[in-house]
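Remarks on the overall topology
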Amino acid sequence: ACIRGVLSVVGFSLADRYEASPWVMGSLTLVLGITNGWLTSAAMTRGPIMLPPELQETGENVLVVSLVAGLLAGALLGWLWLL
C-alpha cells in the first residue's frame, strides 16, 4: 500500500510537471481507483479472518468504523481548501 501511494504521488507529479495529456491523467486516476478499491476490499474481507474466533466480530466493527472515519476525514479535508 505504501509503495502504491508513493508511485501514485510520483506519477501524478510527473504528469503534472510535464503537462501530460488528459488520457494520461485519466489512466493514472483509473489505476489508482482500481488498486485502492482492491486493497480496501481485501483488507475488509481478510482482516477478521486473521483474528481469533471470539474477536472476529469486534475486528469487523473496528474495520468498518475505521473505513467510515477515513472516508469522512477525506471528504472534510477535501473541502478544506475552500475555507
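The subject of this paragraph is unusual backbone geometry. Residue Glu19 is not a glycine yet carries a positive backbone phi of 50°. Looking at where Glu19 falls in the secondary structure, it is placed in the loop between helix H1 (2-17) and helix H2 (22-46). A residue is classified by how much of its surface remains accessible, and Glu19, at 69% relative accessible area, is exposed.

The next thing to look at is a nonpolar patch on the surface. A contiguous nonpolar patch, built from Val6, Val10, Leu14 and Tyr18 and spanning about 410 Å² of accessible area, is present on the exposed surface. Note that Val10 resides in helix H1. Classification of Val10 by relative accessible area gives partly exposed; the value is 42%.

Next up on the list: the environment of Val24. For Val24, the position within the fold is in helix H2. Overall, the relative accessible area of 24% leaves Val24 in the partly exposed class. Distance in space between the C-alpha atoms of Val24 and Phe12 is 9.3 Å, their sequence separation being 12 residues.

Our next topic: H1. Between the first and last C-alpha of H1 there are 22 Å, a value that for 16 residues agrees with the 22 Å anticipated at 1.5 Å per step. Within the sequence span of H1, burial applies to Ser8, Gly11 and Ala15. In an axial view of H1, the angular spread of the buried residues amounts to 70°, which keeps them on one side of the axis. Those residues of H1 that are exposed and angled more than 90 degrees off the buried face are Cys2, Ile3, Val6, Val9, Asp16 and Arg17. On the buried face of H1, the contacting elements are H2.

Procedures and definitions
Residues numbered from 1 in each chain as written. Predicted model: local features only at pLDDT ≥ 70, side-chain atom pairs only at ≥ 80, totals over all residues. Heavy atoms only, no water. Helix = DSSP H or I, 4+ residues; strand = E, 2+ residues; numbered from the N terminus. Buried < 20%, exposed > 50% of the residue type's maximum accessible area, 1.4 Å probe, protein only. Patch = residues over 30% accessible without salt bridge, like charges linked within 9 Å, V, L, I, M, F, W, Y side chains within 5 Å. Areas by Shrake-Rupley, 256 points an atom, 1.4 Å probe, with all protein chains shown as cover. Salt bridge = Lys/Arg side-chain N within 4 Å of Asp/Glu carboxyl O. Expected span 1.5 Å × (residues − 1). Arc of directions from axis to C-beta. Contact = heavy atoms within 4.5 Å.

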